[in-house]
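Coordinates in review
Given next are the chains, with one letter for each unit.
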Amino acid sequence: MFETIIGLEIHVELNTKSKIFCACSTEFGAPPNGNTCPICTGLPGTLPVLNEEAVKLAIRAGKALNCEINTINKFDRKNYFYPDLPKAYQVSQFDLPICEKGFIDIDVAGQQKRINLTRIHLEEDAGKLIHMEDQPLTLVDYNRTGVPLIEIVTEPDMRSAQEATTFLKALKAILEYAEISDCKMEQGSLRCDANISIRKIGQVKLNTRVEIKNINSFKEILKAIQKEEKRQRELYSFGEEYKIKQETRKWDSAKGKTVPMRSKEDAHDYRYFPEPDLLPVVIKEEQIQAISKGLPELPEKKRERFLKVYELSEKEIDILIAQKPLAEYFEEVVDLGTNPKEAANWIIGELLRALKEREEEAIPIKSEYLAGLIDIIDEGKISRSIGKEVFEELINTDKSPEEIIQERGLSQISGTDELHKIITDILSKNPQAIEDYKSGKAQAFGFLMGQTMKASKGKANPQSTKKILEERLGQL
Ligand SMILES: [Zn+2]
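Note that the structure is predicted; figures quoted are calculated from it, not measured.

Turning next to the domain arrangement of the protein. For the protein, the domain assignment lists domain 1 (2–286), domain 2 (297–408) and domain 3 (416–475). Each of domain 1 and domain 3 was reduced to a C-alpha centroid, and the two centroids are 68 Å apart.

Following this line, the structure appears as structure tokens:
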């Protein structure tokens with residue numbers, strides 16, 4: 001029997017305003033080559049100046065991911081020739097990265113499993129090539145060149161595509177909570193390479209591994225690893241494992257398979273050497289402590305606290321804390337005195353559905369308005385189903401729930417006069433149902449209730465309606 005060995009390398013663009021060695025903006029979506037200068041495009045005679053904010057964020061990442069921080073680390077030149085890299089070398093870290101070791105604990109089939117990290121190093125991002133479809137032409141945009149990155153390298157600790165995506169989701173949540181990166185995978189702020197190999201269970205040595213480059217969504221990562229796993233397993237089972245070469249493959253999502261990109265033999269010799277234009281980075285112990293203290297509550301701690309403080313299921317808590325803004329919103333609503341269970345129901349049910357429909361991330365309802373709506377339902381002023389109508393309007397307007405209810409006349413009818421009037425009308429229209437009720441058919445009562453609710457357009461208070469209807473039927 002075989003097992004799959006997976007290690008990941010994750011590139012994360014740091015949340016800095018300017019690039020790692022110059023003052024150019026890191027803003028996404030600027031006109032091509034708009035955010036460039038002689039330093040980030042590597043013109044002769046220019047000198048890099050290290051952005052301290054990038055170093056701080058890398059330390060922050062290291063502390064959030066349980067790493068050791070190398071108080072002396074340095075930059076190296078990683079030489080390779082490719083048009084996305086104007087200097088023909090990338091400034092990265094080789095033998096002295098800023099962070100080493102570290103781990104994340106993930107949940108694998110109900111059991112905790114520790115995924116170890118090898119290192120985190122700082123480096124500059126490369127530019128972007130745009131291959132024109134209709135012409136034999138490639139364009140290059142250097143806006144991304146020099147954007148600060150951390151590369152997080154894991155140990156080969158994962159055993160399935162599922163474990164790898166679980167790990168990545170946990171990693172992304174931590175980086176978002178700690179405000180290290182916006183982690184927008186669709187914009188390339190978080191990109192993942194996966195190293196995959198297969199070996200016989202019990203074997204210690206690792207076999208030849210294949211790297212799949214730049215996969216940028218959880219769904220595609222899962223599919224890419226599964227396909228590569230299957231390809232290698234098939235080659236082993238036919239005794240053709242010699243066909244597995246150490247190479248870089250690309251995930252072709254349209255074809256649903258991995259395809260060769262380049263062989264590792266020639267690409268691997270990067271001829272690293274120390275970057276002579278940058279001094280080694282010296283970090284003071286006090287600085288590390290200050291950054292460590294400044295870390296906000298991370299997902300794991302939040303999960304524990306939510307479990308202790310609010311009476312919610314683990315599943316509900318997992319959904320709420322998977323996105324930092326959602327968890328914060330939930331607490332805002334609850335802090336206004338709302339029942340946590342109700343708040344969680346509305347957020348996980350209605351709010352998430354609405355966000356998905358609108359394909360938006362920003363939460364469109366003020367926390368006090370959602371809290372207000374839940375209170376109004378709780379007080380019996382409107383029914384739950386009317387509450388959902390009010391919710392729809394809350395999403396689309398800036399009005400408060402009270403305003404919406406008043407404007408649309410949605411308050412429940414509890415006043416007995418109005419209810420009596422509706423019930424008189426229903427009873428006169430349904431003599432058969434009254435006969436059935438008298439002869440002991442219980443469902444006839446339900447029918448009359450339903451008719452009354454319908455006639456009131458759902459605004460009748462169910463308790464009052466039931467009481468009055470029982471009285472009136474008793475008198476007949
Ligand atoms: Zn620049």
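The next point concerns helix α7 (residues 314–322). For α7, the full list of buried residues reads Glu 316, Ile 317, Leu 320 and Ile 321. Take α7 and look down its axis: the buried residues cluster within an arc of 115°, on one side only. Away from its buried face, by an angle of more than 90 degrees, α7 presents the exposed residues Glu 314 and Lys 315. At its buried positions, α7 is contacted by α2 (161–177), α6 (299–309), α8 (324–335) and α9 (340–358).

Here we come to a negative patch on the surface. A cluster of acidic residues, Glu 328, Glu 332, Asp 335 and Glu 368, forms a negative patch at the surface. A per-element tally of the negative patch places α8 first, with three residues. Summarising the element assignment, Glu 328 is placed in helix α8. Taking relative accessible area as the criterion, Glu 328 reaches 40% and is therefore assigned partly exposed.

Pairing of strand β9 (residues 128–131) with strand β10 (residues 138–141), which is carried by four bridges, proceeds in the antiparallel orientation. In the strand pairing of β10, Leu 129 is matched with Val 140. Remark: six residues form the turn of the hairpin made by β9 and β10, two consecutive strands paired antiparallel.

A few words on unusual backbone geometry. Of note in the backbone geometry, Asn 33 takes a positive phi value of approximately 60° without being a glycine. Among the secondary structure elements, Asn 33 is positioned in the loop between β1 (2–13) and α1 (52–64). Classification of Asn 33 by relative accessible area gives partly exposed; the value is 33%. For Ala 88, which is not glycine, the phi torsion reads 70° and is therefore positive. As for its placement among the helices and strands, Ala 88 is situated in the loop between β4 (76–79) and β5 (89–92). Exposure remark for Ala 88: the relative accessible area of 25% places this residue in the partly exposed category.

On to the layout of surface pockets, then. Considering only enclosed or pocket space, the largest pocket measures out at about 2,000 Å³ in volume. Contributions of two or more residues to the lining of the largest pocket are made by α1, β7 (103–108), α2, α3 (218–237), α6, α7, α8 and α9. Ranked by residue count, the leading element in the lining of the largest pocket is α2, at nine residues. Of the residues assigned to the lining of the largest pocket, the class counts are 20 nonpolar, eight polar and 21 charged.

Moving on to the packing of aromatic side chains. Describing an aromatic ring pair means giving the distance of the ring centres and the angle of the ring planes. The tally for this structure, following the rule as stated, stands at ten aromatic pairs. Here Tyr 270 and Tyr 272 contribute two aromatic rings whose centre-to-centre distance is 6.1 Å and whose plane-to-plane angle is 75°, an arrangement assigned as edge-to-face. Note on Tyr 272: relative accessible area 27%, which makes it partly exposed. Grouping aromatic residues by their ring pairs yields a cluster made of Tyr 80, Phe 94, Tyr 270 and Tyr 272. The side chain of Arg 114 reaches across the aromatic face of Phe 103, ending 3.5 Å from its centre.

Let us look at the side chain of Glu 124. Residue position: Glu 124 is located in strand β8 (residues 111–124). At 3.0 Å, the side chain of Glu 124 and the side chain of Lys 87 are in polar contact. Among the polar contacts made by the side chain of Glu 124, one reaches the main-chain amide nitrogen of Val 91 at a distance of 2.8 Å. Other than its neighbours up to four places away in sequence, Glu 124 contacts Ile 20, Phe 21, Lys 87, Tyr 89, Gln 90, Val 91, Gly 146, Val 147 and Leu 149.

For helix α14 (residues 431–438), the full list of buried residues reads Ala 433, Ile 434 and Asp 436. The arc that holds every buried residue of α14, seen down its axis, measures 160°, which confines them to one face. Looking at α14, the residues exposed on the side facing more than 90 degrees away from the buried face are Pro 431 and Gln 432. Turning to α14, the residues buried within the fold contact α13 (416–429), α15 (443–455) and α16 (462–475). In the segment just after α14, Gly 440 is the residue with positive phi, at about 95°.

Sheet architecture is open: three strands sit in the order β5-β4-β16, paired in antiparallel fashion. Every interior strand has two partners, whereas the edge strands, β5 and β16 (273–274), have only one. The pairing of β4 with β16 spans two bridges and is antiparallel. Looking across to β16, one finds that Asp 76 is bridged to Pro 274.

What follows is about the pattern of salt bridges. By the definition in use, this model includes 42 salt bridges. For the salt bridge of Arg 249 with Glu 247, the shortest nitrogen-to-oxygen distance reads 2.7 Å. Classification of Arg 249 as buried rests on a relative accessible area of 7%. Where Arg 303 meets Glu 300, a salt bridge forms, and the shortest distance between an N and an O atom there is 2.8 Å. Taken together, the positions of Arg 303 and Glu 300, both in helix α6 and three residues apart, correspond to about one turn of that helix. Classification of Arg 303 by relative accessible area gives partly exposed; the value is 25%. When salt bridges that share partners are traced, they join Glu 350, Arg 353, Glu 357, Lys 388 and Glu 392 into one network.

What counts, and where the lines are drawn
Residues numbered from 1 in each chain as written. Predicted model: local features only at pLDDT ≥ 70, side-chain atom pairs only at ≥ 80, totals over all residues. Heavy atoms only, no water. Domains from an automatic or database assignment. Buried < 20%, exposed > 50% of the residue type's maximum accessible area, 1.4 Å probe, protein only. Helix = DSSP H or I, 4+ residues; strand = E, 2+ residues; numbered from the N terminus. Arc of directions from axis to C-beta. Contact = heavy atoms within 4.5 Å. Patch = residues over 30% accessible without salt bridge, like charges linked within 9 Å, V, L, I, M, F, W, Y side chains within 5 Å. Areas by Shrake-Rupley, 256 points an atom, 1.4 Å probe, with all protein chains shown as cover. Salt bridge = Lys/Arg side-chain N within 4 Å of Asp/Glu carboxyl O. Lys, Arg positive; Asp, Glu negative; His and termini not counted. Charge placed at Lys NZ, Arg CZ, Asp CG, Glu CD. Pairing = 2+ DSSP bridges. 1 Å grid on protein atoms, 1.4 Å probe; cavity = no way out; pocket = protein on both sides within 12 Å on 5 of 7 lines; lining within 4 Å. Points joined across faces, edges and corners; volume = space filled by probe spheres on them. Nonpolar A, V, L, I, M, F, W, Y, C, P; charged D, E, K, R; others polar. Phe/Tyr/Trp six-rings, centres within 6.5 Å; stacked < 30°, edge-to-face > 60°. Lys NZ or Arg CZ within 6 Å of the ring centre and 35° of its normal. Polar contact = N/O pair within 3.5 Å; in protein donor to acceptor, adjacent residues only side chain to side chain.

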